[in-house]
Amino acid sequence: MARAGAVAVTLYERPGCHLCEDAVTALAPIVDRLGASLERVNVEADAALEARFGPAIPVVVVDGVEVARAPIDLDAVREAIRAAVARDTTPAAN
């Protein structure tokens, strides 16, 4: 579920993928705890996404940057979310 202003975590997946379901189960509490939002995208609904990510799913992208492909490195995802949150909360220099 998306939260206004939250760091965006996107999981590229496909229906029936047990690795994708495992990724959702593992990612959901991390995303929630760190105040990010999780969007699930079915690669089968878009030919370009299927071509780009198809054999590599699940794929995790944090704020537009690919962080992990199967198997998902949860530590890398945590670090990417924390870094994105830090960037979003750091005051802009004038």
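Here is a short report on the structure shown in this document.

Rules used in this analysis
- Throughout, a residue's number is its position along its own chain's written sequence, starting from 1.
- Thresholds applied to this predicted model are a pLDDT of at least 70 for local features of residues and 80 or more for the giving and counting of side-chain atom pairs; totals over whole chains, interfaces and linings are not thresholded and use all residues.
- For side-chain calculations, the full set of non-hydrogen atoms in the structure is used, while hydrogens and water are omitted.
- By nonpolar core is meant a set of buried Ala, Val, Leu, Ile, Met, Phe, Trp, Tyr and Cys residues that side-chain atoms within 4.5 Å join together.
- Relative accessible area decides the class of each residue, using a 1.4 Å probe on protein chains only: under 20% of the type maximum gives buried, over 50% gives exposed, and in between gives partly exposed.
- Strands are runs of DSSP state E lasting at least 2 residues, helices are runs of H or I lasting at least 4, and numbering of each runs from the N terminus.
- Contact definition: two residues touch when any of their heavy atoms are within 4.5 Å.
- Only centres within 6.5 Å qualify two rings of Phe, Tyr or Trp (six-membered ring in Trp) as a pair; their planes then separate them into stacked at under 30 degrees, edge-to-face at over 60, and tilted for everything else.
- Between any two strands, at least two bridges found by DSSP are needed for them to pair.
- Seen with the strands pointing away from the viewer, any crossover whose path from the first strand over the helix to the second strand runs clockwise is right-handed.

Structural notes on the nonpolar core
If you look at soluble globular proteins, the nonpolar side chains tend to sit buried side by side.
Phase 1 of the analysis: Among the nonpolar cores identified, the biggest contains 17 residues, and Val-9, Leu-11, Val-60, Val-62 and Ile-81 are the most heavily contacted of them.
Phase 2 of the analysis: Elements with a contribution of two residues or more to this core: strand E1 (8–13), helix H1 (18–33), strand E3 (59–62) and helix H3 (74–89).
Phase 3 of the analysis: Tallying contributions element by element places H1 first for this core, with 5 residues.
Phase 4 of the analysis: Setting aside anything within four residues of it in sequence, one finds Val-62 in contact with Val-7, Ala-8, Val-9, Val-67, Ala-80, Ile-81 and Ala-84.

Details of the packing of aromatic side chains
Here the distance between the centres and the angle between the planes together describe a pair of aromatic rings.
Phase 1 of the analysis: Taken as a whole and assessed by the stated rule, the structure comprises 1 aromatic pair.
Phase 2 of the analysis: With a centroid separation of 4.4 Å and 25° between ring planes, the pair formed by Tyr-12 and Phe-53 is classed as stacked. In this pair, Tyr-12 sits in strand E1 while Phe-53 sits in helix H2 (residues 47–53), placing the two residues 41 residues apart along the sequence. We note that Tyr-12, like Phe-53, is buried.

A word on the pairing of strand E2 (residues 37–42)
Phase 1 of the analysis: Pairing between E1 and E2: 6 bridges, direction parallel. By the bridge assignment, Thr-10 is partnered in E2 with Glu-39.
Phase 2 of the analysis: Note on the crossover from E1 through H1 to E2: the handedness is right-handed.

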